[in-house]
Amino acid sequence: MLIAVLLILGIIIVLVIAVLLYIYNTQRQLVNLDELCKNAMSQIAVQLNSRWDAVLALAKMASKYAKHESETIINTINARRQTQVVTAEQVNAQQGELSSILGRLMAIGEAYPELKANDLFINAQSGITEYEEKVRMSRMVYNDTATKMNRMVRQWPSSFVASMLNFREKEYLTVDEEKKSSYPNLDEAFN
């Protein structure tokens, strides 16, 4: 009888230790993924800030040709650069604002061929393209990390640990609908 009680007690202790080790390991994985998401979002914020700087340089160049329009754009850029970017929704909003301002700047460039031919204007456009690629890559890293985090938060049994420790699903960064519609193959990929 005593052996049976000790055996049951031993099994219970082993199970409790196994559960505690699982919770410990899952918590560490969740923290790691959460920090990777924060890091990726921070990288996006840095790249967006660099893009705002490049767009500001482009706007200042354009101000020599279209003063009023450029002043409005410069004021808008200065206001937006101060906005903190920490959520997917804020990244998506800034992405839309950047696209809008870039469109207005390109229209100014089209209206003034001498500006469009200016080497500094061309280099600034090239820099913006480079920053757009970096933002695109950072967005991919964030969404990949968010996917891993969301799987852990939603899948059993790690979902129990995630809910106990208040880990939540991460919001994904979305594709700009305007850009998405300009690439027909993307529409098929998202449906």
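Residues numbered from 1 in each chain as written. Predicted model: local features only at pLDDT ≥ 70, side-chain atom pairs only at ≥ 80, totals over all residues. Heavy atoms only, no water.

Draft legend 1. The arrangement of the overall build of the protein in detail. When helices and strands are counted, the protein shows eight helices and zero strands. Element order for the protein, N to C, with α for helix and β for strand: α-α-α-α-α-α-α-α. Scaling as 2.2 N^0.38, a compact globule of 191 residues should have a C-alpha radius of gyration of about 16 Å, whereas the protein reaches 25 Å, well beyond that. Along the first, second and third principal axes, the C-alpha set of the protein runs to 95 × 35 × 25 Å. In the protein, once contacts between residues fewer than 6 apart in sequence are set aside, the share between residues at least 24 apart is 75%. The positive charge centre, built from 20 side chains, and the negative charge centre, built from 21, are 6 Å apart in the protein. (Helix = DSSP H or I, 4+ residues; strand = E, 2+ residues; numbered from the N terminus. Rg over C-alpha atoms; globule rule 2.2 N^0.38 Å. Contact = heavy atoms within 4.5 Å. Lys, Arg positive; Asp, Glu negative; His and termini not counted. Charge placed at Lys NZ, Arg CZ, Asp CG, Glu CD.)

Draft legend 2. Local environment of the pattern of salt bridges. Summed over all chains, the structure comprises seven salt bridges. Of the charged contacts, one joins E35 and K38 as a salt bridge, the two residues approaching to 3.7 Å between their closest N and O atoms. Here the residue E35 and the residue K38 both occupy positions in helix 1 (residues 2-62), the gap between them amounting to three residues, near one helical turn. The exposure class of K38 is partly exposed, given its relative accessible area of 47%. In this structure, the salt-bridge partner of E132 is R51, at a minimum N-O distance of 3.7 Å. Of this pair, E132 sits in helix 5 (residues 119-154) while R51 sits in helix 1, placing them 81 residues apart in sequence. (Salt bridge = Lys/Arg side-chain N within 4 Å of Asp/Glu carboxyl O. Buried < 20%, exposed > 50% of the residue type's maximum accessible area, 1.4 Å probe, protein only.)

Draft legend 3. Inspection of the packing of aromatic side chains at higher detail. Under the counting rule described, the total for this entry stands at one aromatic pair. Between W156 and F160, the ring centres sit 6.2 Å apart and the planes meet at 85°, which makes this aromatic pair edge-to-face. (Phe/Tyr/Trp six-rings, centres within 6.5 Å; stacked < 30°, edge-to-face > 60°.)

Draft legend 4. Quick look at the nonpolar core. Counting residues in hydrophobic clusters, the biggest one holds 41 residues, and the most contacted among them are L30, V55, I77, L105 and Y142. Among the elements that line this core, the one with the most residues is helix 1, at 15 residues. Excluding residues that lie within four positions of it along the chain, I77 makes contacts with W52, V55, L56, A59 and I101. (Core = buried A, V, L, I, M, F, W, Y, C linked by side-chain atoms within 4.5 Å.)

Draft legend 5. Structural detail: the packing of helix 3 (residues 88-111) against helix 5. In contact at an axis separation of 13 Å, helix 3 and helix 5 are set at 160° when each is read in the N-to-C sense. Looking at the two axes, helix 3 sits roughly antiparallel to helix 5. Where helix 3 crosses over helix 5, the handedness of that crossing is left-handed. Along its contact with helix 3, which presents V91, N92, Q95, L102, L105, M106 and G109, the element helix 5 presents F121, Q125, I128, E132, V135 and R139. (Axes fitted to C-alpha atoms, helices over the stretch in contact; angles between N-to-C directions. Parallel < 35°, antiparallel > 145°, perpendicular 65-115°, else oblique. Left-handed = near helix turned anticlockwise from the far one by under 90°.)

Draft legend 6. Looking closely at unusual backbone geometry. Note that the residue after W156, namely P157, is joined by a cis bond; omega there is 5°. Of note, P157 is situated in the loop between helix 5 and helix 6 (158-164). Despite not being glycine, N166 has its phi angle at roughly 60°, a positive value. Within the fold, N166 resides in the loop between helix 6 and helix 7 (177-182).

Draft legend 7. Region of the structure containing helix 3. The end-to-end C-alpha distance of helix 3 is 35 Å, a good match for the 34 Å that 24 residues give at a rise of 1.5 Å each. Residues of helix 3 that are buried: A88, V91, Q94, Q95, L98, I101, L102, L105, I108 and G109. (Expected span 1.5 Å × (residues − 1).)

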